[in-house]
Amino acid sequence: IAAITCPSAAVPARAKAFAVLGDPTRLTLLIAIKAAGPISVSDLAAASGLNDTTVSQTLRYLRAAEVVSAERDGRVIRYQLADGPVAALLAAKE
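In this convention, every chain numbers its residues from 1, walking through the sequence in written order. Predicted model: local features are reported for residues with pLDDT of at least 70 only, side-chain atom pairs are reported and counted for 80 or more only, and whole-chain, interface and lining totals are derived from all residues. To get the side-chain values, all heavy atoms of the structure are used, and hydrogens and water are removed first.

Asks: Break down the nonpolar core for me, citing the residues and quoting the values.
Replies: With 20 residues, the main nonpolar core has L30, L44 and L59 as its most contacted residues. Each helix corresponds to a stretch of at least 4 residues labelled H or I by DSSP, and each strand to a stretch of at least 2 residues labelled E; elements are numbered beginning at the N terminus. Secondary-structure elements contributing two or more residues to this core are helix 1 (10–21), helix 2 (24–36), helix 3 (41–48), helix 4 (52–64) and helix 5 (85–91). Counting residues per element, this core draws most heavily on helix 2, at four residues. By definition, residues are in contact when any of their heavy atoms lie within 4.5 Å. Every residue in contact with L30, bar those within four places of it in the chain, is listed here: V20, L21, L62, V67, V68, L81, V86 and L90. The term nonpolar core refers to a set of buried residues drawn from Ala, Val, Leu, Ile, Met, Phe, Trp, Tyr and Cys, joined through side-chain atoms within 4.5 Å. The classification of residues rests on relative accessible area computed with a 1.4 Å probe and restricted to protein chains. Under 20% of the type maximum is buried, over 50% is exposed, and intermediate values are partly exposed.

Asks: Please set out the side chain of S48 residue by residue, giving values where relevant.
Replies: Structurally, S48 is set in helix 3. In terms of polar contacts, S48 uses its side chain to reach the backbone carbonyl oxygen of L44, at 2.8 Å. Between N or O atoms, a polar contact is any pair within 3.5 Å; within protein, one atom must be a potential hydrogen donor and the other a potential acceptor, and residues adjacent in sequence are included only when both atoms are from side chains.

Asks: Just give me the short version of the pairing of strand 3 (residues 76–81), but keep the residues and values in it.
Replies: For strand 1 (residues 39–40) and strand 3, the ladder comprises two bridges, and the chain directions are antiparallel. Bridged to I39 within strand 3 is Y79. Relative to strand 3, strand 2 (residues 68–73) is paired through six bridges, and the arrangement is antiparallel. For D73, the partnering residue across the bridge sits in strand 3 and is V76. Here, strands pair whenever DSSP counts at least two bridges between them. Joining the antiparallel neighbours strand 2 and strand 3 is a turn of two residues, in which G74 adopts a positive phi near 70°.

Take it as geometry only, folks, not as evidence of what the structure does.
The following block contains the structure:
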């Protein structure tokens, strides 16, 4: 068997990306954001079937993990996928 090499510095970043995707609520929201593009909390709640509080708390986590970014549009904040490993994983063909 050939030795498989992976730069040791890449392992923690990859583990973090997979951990973000490991929660069904986070994954649901990320898939909805990917499909919709920039989207507000209330629209994301309606699209995902989750309540606004759950969506807001989950988005706070995803922002801290730098998986989504937020942009203010007047009084509304719209969320979109940030460039990075999670976006790349979500963009991969099934």
